[in-house]
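Report on the structure
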Amino acid sequence: MDGYLEASPWRLAERHAAAGRGRPPRRVVVGGRDFSLAGNQRFAARQESLAIPPPLTVVPDVSHDTPALLEGLGDEGWDWYAACLSSDRKAPPPEPPRP
């Protein structure tokens with residue numbers, strides 16, 4: 001059980017906050033009606049308390065449905081991924097809009 005707890009995103013965020021800040025690009029996209037919304041919001045708040053910008057984007061009126069999330073993000077979602085995969089790694093991906 002200790003290994004499971006040590007591998008949790010919560011512990012990893014605490015352990016690697018300073019070293020991992022800004023790399024690699026990460027993002028959490030969750031629907032406004034998703035059963036996991038509250039947990040994702042708590043995790044984003046924890047990251048913010050560790051001075052890690054929370055990568056949480058909430059798409060209103062969407063449940064736990066990946067195609068609907070991608071549709072809800074529209075071009076902005078693909079722009080973010082394009083920036084992450086760009087050969088110009090000097091420019092970080094755009095921060096997702098805050099709800």
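The sections below set out a description of the structure shown in this document. As the structure is a prediction and not an experimental result, all values here were calculated from the model. Residue positions are counted from 1 within each chain, in the order its sequence is given. It should be noted that, the model being predicted, local features are given only for residues of pLDDT at least 70 and side-chain atom pairs only at 80 or more, the latter also being counted only at that level, while totals for whole chains, interfaces and linings use all residues. The side-chain figures draw on all heavy atoms in the structure; neither hydrogens nor water molecules are used.

**Some thoughts on the overall build of the protein chain**
Definition in use: Secondary structure counts use DSSP, requiring at least four H or I residues in a row for a helix and at least two E residues in a row for a strand, with both numbered from the N terminus. The buried label applies to any residue whose accessible area, calculated with a 1.4 Å probe on protein chains only, is under 20% of its type's maximum; exposed applies above 50%, and partly exposed to all values in between. Per-residue accessibility takes into account occlusion by the displayed protein chains alone, with areas from the Shrake-Rupley method and a 1.4 Å probe.
The helix and strand inventory of the protein chain stands at five helices and two strands. From first element to last, N terminus to C terminus, the protein chain shows the α and β order α-α-α-β-α-β-α. Per-residue burial for the protein chain yields a buried fraction of 28% across its 99 residues. Here the protein chain displays about 6700 Å² of accessible surface, and carbon together with sulfur accounts for 59% of that area.

**Concerning helix H5 (residues 66-85)**
Rule in force here: For a helix, the expected span equals 1.5 Å multiplied by the residue count minus one. We call two residues in contact when some of their heavy atoms are within 4.5 Å.
Over its 20 residues, H5 runs only 20 Å from end to end, short of the ideal 28 Å by more than 12%, given 1.5 Å per residue. Along H5, the residues that are buried comprise Leu69, Leu73, Gly77, Trp80, Ala83 and Cys84. Looking at the buried positions of H5, the neighbouring elements they touch are strand E1 (28-31) and strand E2 (56-59).

**Quick word on unusual backbone geometry**
Located in the positive-phi region is Asp61, a residue other than glycine, with phi close to 60°. Summarising the element assignment, Asp61 is placed in the loop between E2 and H5.

**Remarks on the nonpolar core**
What counts is decided by this rule: Definition of nonpolar core: a set of buried residues of the types Ala, Val, Leu, Ile, Met, Phe, Trp, Tyr and Cys, connected through side-chain atoms within 4.5 Å.
Among the nonpolar cores identified, the biggest contains five residues, and these are Ala13, Ala17, Phe43, Leu50 and Ile52. With residues up to four places along the chain from it excluded, the contact list for Ala13 reads Phe43, Leu50 and Ile52.

**With respect to the packing of aromatic side chains**
Quick note on the threshold: Note on aromatic contacts: the rings of Phe and Tyr and the six-membered ring of Trp form a pair at centre separations within 6.5 Å, being stacked when their planes are under 30 degrees apart, edge-to-face when over 60 apart, and tilted otherwise.
All chains considered together, the criterion is met by two aromatic pairs. Here Trp78 and Tyr81 contribute two aromatic rings whose centre-to-centre distance is 6.0 Å and whose plane-to-plane angle is 50°, an arrangement assigned as tilted. Of this pair, Trp78 and Tyr81 both sit in helix H5, three residues apart, roughly one helical turn. Given the relative accessible area of 33%, Tyr81 is considered partly exposed. On the basis of an interplanar angle of 90° and a centroid distance of 5.1 Å, the ring pair of Trp80 and Tyr81 is categorised as edge-to-face. For Trp80, a relative accessible area of 5% corresponds to the buried category. Here the aromatic cluster, defined as three or more aromatic residues joined through ring pairs, consists of Trp78, Trp80 and Tyr81.

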